[in-house]
Amino acid sequence: MNLAIFSKFTNYFINESLNPLTNQEYIRKSLLTVYFSIAIGCMSMLMFLVRFSLEGFSSSKSLLLLPLATLVCCCCLLIVKYSTRQQIAVNTIVVLGSFILFIRSISTGGISSPVTFWLILIPIISILLSSKKSGVFWTVITLGLLQLIYHAESLGIPISAIKPSHKVNLYVFSILICLLSSIIYFFEQQRISHQNFLIKLESELALSKKLAALGTMSGGIAHEINNPLAIIKGKAQILERLLSKENPDLEKSQSIVQTLNSNASRIQAIVGALKTFSTDNNQNSNKILNLISPLELALSTYGSSLESNSIKLINNVHEMDLRVSGQTGLLQILFENLIKNAIHEIKNQGKPWIKIEQVYPTDTQNIFISFTDSGTGIPAHIAENIMDPFFTT
């Protein structure tokens, strides 16, 4: 519950005009900037209260820079909220942070001051919230500041001789550890959130592709179902007239019933093929199956198209038992695309045909099924793009 409230609070500072889909990376960095601003602001104020309660202003007047750091962090939250330039907030934190930490290090003992250790935050913040180049740049700047603090006295920069007590050092390092832990926690939280968003986006993309495929198939499926339905309706009317006679022709009636059953089974196969296609094809759902089963489903979907276009089907594998590890739905889609493309290419020929057979290469670990038709073949400039899932003619 507390995390939900905190998440709602941080999301308040994200610009509402940003589109979550097109600005996802910017929103992610903006959230991290908000996390850093809150964490650094709270830690700076906590540090001020700890040192003021233990030492007062007697140790250093630069202690007043800590509330200033908190105020700057609050301003950064407003920058993220009301502008689309998150980089301004990051640069403000990094530049003013470097300045404040440098002054505090000089005024609390120089290189031996525990405040000096806080300088490690500068390149961390820069690389996480900005870019790798910015991280490298501020790493060099931070190393330069450390050298400047170390050689301050020889350069004529006065160093405060006041050394903080061990208790103060304990609190300083404790707060530093808490801040680093919170940084790692927030970054990991954003990484997981970003990863979940990508998974969700990929799932929605796969679903949209499947729906688009179903839309393309719908016209063909309606045609495939209407044909046997028309036959069933016509044969049912004939059967009704036959049975209304005093002496019905039982042999003819039996033949009509067989036709009805055959066309009903045909519709059932088409519906089953559609159901198999619409099932979620998870990569982990592979199972051992007969390769001929999805092929038969694909042939039942386009059976009437083959008949209406007078395309001869030479199926030399329909009685085989070819066991493979795979997914019926995906294999069915593969076979349907091959059959559909072949029909589209050869339907206007004089004597079109499609031949399906097994090929026996030297590789005995795999099964090869060959689809051949009476077409002229795939042009070379198209064949080189055949494995591109988004390529179409």
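Draft legend 1. Representation of the overall build of the protein chain in the model. Of the regular secondary structure elements, the protein chain holds twelve helices and five strands. A total of about 23600 Å² of accessible surface is found on the protein chain, and carbon and sulfur atoms cover 62% of it.

Draft legend 2. Summary view of the sheet that holds strand β4 (residues 353–359). What the three strands build is an open sheet, ordered β2-β4-β5; its pairing is mixed. Edge positions in the sheet fall to β2 (312–315) and β5 (368–373), since each of these pairs with one other strand and no more. Strand-to-strand, the axes of this sheet are offset by a mean angle of 15 degrees, without reference to chain direction. Pairing analysis gives six bridges linking β4 to β5, with the strands arranged antiparallel. Bridging from a neighbouring strand, Gln358 pairs with Ile369 of β5. Each of β2, β4 and β5 touches helix α9 (residues 292–301); the most contacted strand, β2, lies at about 170 degrees to it. Contacts from helix α11 (residues 328–346) reach β4 and β5, with the element oriented near 15 degrees to β5.

Draft legend 3. Quick peek at the packing of aromatic side chains. The final tally for this structure, using the stated rule, is two aromatic pairs. Aromatic side chains Phe137 and Trp138 sit 5.5 Å apart centroid to centroid with 85 degrees between the ring planes, which places their arrangement in the edge-to-face category. Overall, Trp138 belongs to the buried group, its relative accessible area being 13%. Seen in terms of ring centroids, Phe335 and Phe371 are 5.7 Å apart; in terms of plane orientation they differ by 25 degrees. Their pairing is stacked. Separated by 36 residues along the polypeptide, Phe335 in helix α11 and Phe371 in strand β5 bring together distant segments of the chain.

Draft legend 4. Summary view of empty space enclosed by the protein. Taken as a whole and judged by the stated rule, the model has two cavities of 30 Å³ or more. What lines the largest cavity is a set of 21 residues, and nearest its centre among them are Ile40, Ser44, Ala69, Gly97 and Leu101. Elements with a contribution of two residues or more to the lining of the largest cavity: α2 (24–55), α3 (65–82), α4 (86–107) and α5 (121–129). Per-element tally for the lining of the largest cavity: the top contributor is α4, with seven residues.

Draft legend 5. Focus on the pattern of salt bridges. Taken as a whole, this structure holds two salt bridges when the rule is applied. The closest approach of N and O atoms between Arg323 and Asp321, which form a salt bridge, is 2.9 Å. A relative accessible area of 51% places Arg323 in the exposed class.

Draft legend 6. Layout of α9. Burial analysis of α9 places eight of its ten residues in the buried class, the great majority of the element. Restricting attention to buried positions, one finds in α9 the residues Ile292, Pro294, Leu295, Leu297, Ala298, Leu299, Ser300 and Thr301.

Draft legend 7. Region of the structure containing the confidence of the model for the protein chain. With 83% of its residues at a pLDDT of 70 or more, the protein chain shows a mean pLDDT of 78. By mean pLDDT, helix α1 (residues 2–11) is the weakest element of the protein chain at 66, and β2 is the strongest at 92.

Draft legend 8. Region of the structure containing the nonpolar core. Counting 46 residues, the largest nonpolar core has Val34, Ile40, Trp118, Ile125 and Leu179 as the members making the most contacts within it. Those elements that provide at least two residues to this core are α2, α3, α4, α5, α6 (132–150) and α7 (166–244). Top contributing element to this core by residue count: α2, with 13 residues. Of all hydrophobic cores here, the second largest spans 20 residues; its members include Leu295, Ala298, Leu322 and Ile354.

Draft legend 9. Main features of a nonpolar patch on the surface. Taken together, the side chains of Tyr12, Leu78 and Tyr82 define a hydrophobic patch exposed on the protein surface, amounting to about 370 Å² of accessible area. Position of Tyr12 relative to the elements: it lies in the loop between α1 and α2.

Draft legend 10. Quick look at the environment of Ile88. Here Ile88 lies in helix α4. Counting along the chain gives twelve residues from Ile88 to Cys76, while the straight-line C-alpha distance between them is 8.1 Å.

Draft legend 11. Looking closely at the packing of α4 against α5. Direction vectors running N to C along α4 and α5 enclose 175 degrees, while the axes themselves pass 10 Å from each other. By the angle between their directions, the pair α4 and α5 is classed as roughly antiparallel. Here Gln86, Gln87, Val90, Ile93, Val94, Gly97, Ser98 and Leu101 of α4 lie close against α5, whose contacting residues are Ile122, Ile125, Ser126 and Leu129. Residue classes in the contact of α4 with α5 are distributed as seven nonpolar, five polar and no charged.

Here is what the cut-offs are and how they apply
- Residues numbered from 1 in each chain as written.
- Predicted model: local features only at pLDDT ≥ 70, side-chain atom pairs only at ≥ 80, totals over all residues.
- Heavy atoms only, no water.
- Helix = DSSP H or I, 4+ residues; strand = E, 2+ residues; numbered from the N terminus.
- Areas by Shrake-Rupley, 256 points an atom, 1.4 Å probe, with all protein chains shown as cover.
- Pairing = 2+ DSSP bridges.
- Axes fitted to C-alpha atoms, helices over the stretch in contact; angles between N-to-C directions.
- Contact = heavy atoms within 4.5 Å.
- Phe/Tyr/Trp six-rings, centres within 6.5 Å; stacked < 30°, edge-to-face > 60°.
- Buried < 20%, exposed > 50% of the residue type's maximum accessible area, 1.4 Å probe, protein only.
- 1 Å grid on protein atoms, 1.4 Å probe; cavity = no way out; pocket = protein on both sides within 12 Å on 5 of 7 lines; lining within 4 Å.
- Points joined across faces, edges and corners; volume = space filled by probe spheres on them.
- Salt bridge = Lys/Arg side-chain N within 4 Å of Asp/Glu carboxyl O.
- pLDDT = per-residue confidence, 0-100.
- Core = buried A, V, L, I, M, F, W, Y, C linked by side-chain atoms within 4.5 Å.
- Patch = residues over 30% accessible without salt bridge, like charges linked within 9 Å, V, L, I, M, F, W, Y side chains within 5 Å.
- Parallel < 35°, antiparallel > 145°, perpendicular 65-115°, else oblique.
- Nonpolar A, V, L, I, M, F, W, Y, C, P; charged D, E, K, R; others polar.

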